[in-house]
Amino acid sequence: MEERKKLGFFPMFASILAGMIGSGVYDLSYQLGLVASPGAVIIAWAVCFIGMLTFTLSLMNLLNKEPEGDGLYVYANKAAGPLGEFMSAWGYWMSGWIGNIAFATMMMIALSTFFPVLGDTGTSWPAIIVASVIMWALFFFINRGVESAMIINSILTVIKVIPLVLFFVVVVVSFNFGVFTTDFWTNFAGNVTHGGFDAQSVFDQVTNSIMSLVWVFMGIETAALMSRRAQSKSIAASASITGLACGTILMFIISILPYGVMTADEFVALGEPSVARMLELYIGPIGGHLISAAMVISILGAWINYTLGPTESLLILSDHGLLPKKFGELNDRGVPTFSLFLTTLLGNLLLISMHFTEDAYNFGYSLSASAILITWVFITIYQVKRGIQHPDDPGRVKNLVIGVIGCVYFFYAMFVSGISYILLCGVLYVVGFFFYYKARKDEGMEAAFNGREKLAVAAVAVAAVVGLVMYVMGM
């Protein structure tokens, strides 16, 4: 097997940015405009940024103080044992291939600008066929080497930022502060007195915005997940902080500017993807075509990212004896081909089923964002646990505060925005437990689950049943 190249700061940073600037940034103003006023959107951004900053700072602290181990999941193990590590990594795996459905759907919508036969929903049969071909092409590409895929991703990241800069310039020129402050606290649905402020209404608007924002923050953990392929843990940590800051600033600007150009009901009425529709309105069809082309490149980069990450998580679980060895078998390029194949196959099957779903993009990103919350919360839980266990640790009080705020944020996000999807994730966890059980037995464990783990597995099984019932009943 050839020696693997170590990755420097820029490929790691670009990988994070590629994950954050995927399909979400091009449709974020539309998703937010449906549910929130500009004032509520600003508050939602502040809440999410603080929450994700505590996650990133917790991760950076843990990478610096306990650099041994593989990426995120070693800390889930330290927080809740082997089952915790499994649930964290399995959740990340679920989040990735389910999220690829949202990428596939939005890419097909963008391509329909050039090829109308694909339709405008992203889930017509022609669109599903084209998306399936792309999905399997990425399988063969990534199977030839992870490091090469991340370097290509770096190049795509640079290319796809350029059209967003054009959008920024056009909208800033057209920005009207009077339009922006009109109905500053009231969304177009008229949920409170025109122009007035109502705390309950604003809270509801912020709550309804959270899941859309969680989706666009996905990707900031990539550097930590791929940290064993980095030149050092410190590079992975620095890339995480820098990627979070740059990604947040860019996406905040893109999502908030439309509120100063026209009312929310007007830019929502333009349809999806909102960035393309607005640019088309101001500079003609060439603007829509430019953004649509940029979306294809952008989503391709994110799609690579969300195939790499989940595959890496299965590899780590196999290496740690928490999945059968088959999941960790590497080809001569250091890629776990079986795990990559399984991830691609399941994604393709789910994509086909989306033909019968009314809003595939919304379903894909909501379920994906819910799954990633399970992965993220283990980091802040261990940040708190470590602070309690190490009273003489430098910066202990600060790190405890950071961890507690992070835990509160993630549990809040799970409860208010994704509880039904969290329950639905339980179904895939139950399937995963069978593989976990087999792996533990293969490792010679007399009991695959201890007492507390049996209770956790039972709780997840109950959640899975409830989630399935809710899904079947259309709830």
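So, how was this worked out
Residues numbered from 1 in each chain as written. Predicted model: local features only at pLDDT ≥ 70, side-chain atom pairs only at ≥ 80, totals over all residues. Heavy atoms only, no water. Helix = DSSP H or I, 4+ residues; strand = E, 2+ residues; numbered from the N terminus. Buried < 20%, exposed > 50% of the residue type's maximum accessible area, 1.4 Å probe, protein only. Contact = heavy atoms within 4.5 Å. Areas by Shrake-Rupley, 256 points an atom, 1.4 Å probe, with all protein chains shown as cover. Phe/Tyr/Trp six-rings, centres within 6.5 Å; stacked < 30°, edge-to-face > 60°. Patch = residues over 30% accessible without salt bridge, like charges linked within 9 Å, V, L, I, M, F, W, Y side chains within 5 Å. Salt bridge = Lys/Arg side-chain N within 4 Å of Asp/Glu carboxyl O. Lys, Arg positive; Asp, Glu negative; His and termini not counted. Expected span 1.5 Å × (residues − 1). Bend = angle between axes of the 7 residues up to and from the residue. pLDDT = per-residue confidence, 0-100. Axes fitted to C-alpha atoms, helices over the stretch in contact; angles between N-to-C directions. Parallel < 35°, antiparallel > 145°, perpendicular 65-115°, else oblique. Nonpolar A, V, L, I, M, F, W, Y, C, P; charged D, E, K, R; others polar. Left-handed = near helix turned anticlockwise from the far one by under 90°.

(A) Seen up close, the overall build of the protein. A tally of helices and strands in the protein yields 18 helices and 0 strands. Within the protein, the fraction of its 475 residues that count as buried is 59%. Taking as baseline every contact in the protein between residues at least 6 positions apart, the subset at least 24 positions apart corresponds to 82%. About 18,000 Å² of surface is accessible on the protein, with carbon and sulfur atoms providing 70% of the total.

(B) Focus on the packing of aromatic side chains. By the definition in use, this model includes 29 aromatic pairs. Relative to W97, the ring of W93 has its centre 5.6 Å away and its plane inclined at 55°; by these criteria the two rings are tilted. You can see W93 and its partner W97 sitting in helix α4 (residues 73–111), 4 residues apart, about one turn around the helix. Taking relative accessible area as the criterion, W97 reaches 6% and is therefore assigned buried. Taken together, the ring pairs connect F86, W90, W93, W97, F327, F338, Y429, F433, F435, Y436, Y437 and F449 into an aromatic cluster.

(C) Geometry of a nonpolar patch on the surface. Among the surface-exposed residues, W125, F341, L345, L349, I352 and F356 lie close enough to one another that they form a single nonpolar patch of about 590 Å² accessible area. With 4 residues, helix α14 (residues 337–353) is the largest single contributor of residues to the nonpolar patch.

(D) Spotlight on the side chain of R440. Here R440 is to be found in helix α17 (residues 419–442). Look at R440: it is buried, it has no salt bridge, and the nearest opposite charge is E453 at 5.7 Å.

(E) A look at the pattern of salt bridges. Overall, the coordinates contain 8 salt bridges when judged by the stated rule. R277 is the salt-bridge partner of E280, the closest N and O atoms lying 3.9 Å from each other. Remark: R277 and E280 occur in helix α12 (residues 274–283); sequence separation between them is 3 residues, near one turn of the helix. The partly exposed category is assigned to R277, whose relative accessible area is 23%. E329 is the partner of K326 in a salt bridge, and the nearest nitrogen-oxygen pair spans 3.4 Å. Owing to a relative accessible area of 42%, K326 belongs among the partly exposed residues under this scheme. E329 sits in the partly exposed class, given a relative accessible area of 43%. When salt bridges that share partners are traced, they join K65, E66, K78, R386 and D393 into one network.

(F) Broad picture of the environment of P126. Looking at the secondary structure, you find P126 in helix α5 (residues 125–142). Sequence-wise, P126 and M108 are 18 residues apart; in three dimensions their C-alpha atoms are separated by 9.4 Å. Among residues more than four places away in sequence, those in contact with P126 are V117 and L118.

(G) Summary view of α4. Between its first and last C-alpha, α4 extends only 37 Å over 39 residues, short of the 57 Å set by a 1.5 Å rise per residue. Of all the bends in α4, the largest measures some 140° and sits at A80, one to four residues before the proline P82.

(H) Inspection of the confidence of the model for the protein at higher detail. The predicted model of the protein averages 82 in pLDDT, with 87% of residues at 70 or higher. Mean pLDDT across the secondary structure elements of the protein bottoms out at helix α9 (residues 222–225), with 60, and peaks at α5, with 91. Here residues 189–194 is modelled with pLDDT under 50, and outside its nearest four sequence neighbours on either side it reaches 9 contacts, counting other chains as well.

(I) Region of the structure containing the packing of α5 against α14. Close contact between α5 and α14 brings their axes to 10 Å; oriented N to C, the two are set at 175°. Compared by their axis directions, α5 and α14 come out roughly antiparallel. Listed contacts from α14 to W125, I128, A131, S132, M135, W136, F139 and I142 of α5 are T337, L340, F341, T344, L345, G347, N348, L351 and I352. Class assignment for the residues of the contact of α5 with α14 results in 12 nonpolar, 5 polar and no charged.

(J) Representation of the environment of C407. When you line up the elements, C407 lands in helix α16 (residues 396–417). Look at C407 and you get buried, because its relative accessible area is 12%. Residues C407 and Y382 lie 25 residues apart in sequence; the distance between their C-alpha atoms is 9.8 Å. Non-local contacts of C407, meaning those with residues more than four positions away in its chain, are made with T380, I381 and V384.

(K) Quick peek at the packing of helix α3 (residues 38–65) against helix α15 (residues 360–389). Interhelical geometry of α3 versus α15 gives an angle of 60° and a closest axis separation of 9 Å. The angle between α3 and α15 places the two elements in the oblique class. Seen along the crossing, α3 lies across α15 with a hand that is left-handed. For the pair formed by α3 and α15, the contact residues are M52, F55, S58, L59, N61, L62 and K65 on the first element and W376, I379, T380, Y382, Q383 and R386 on the second.

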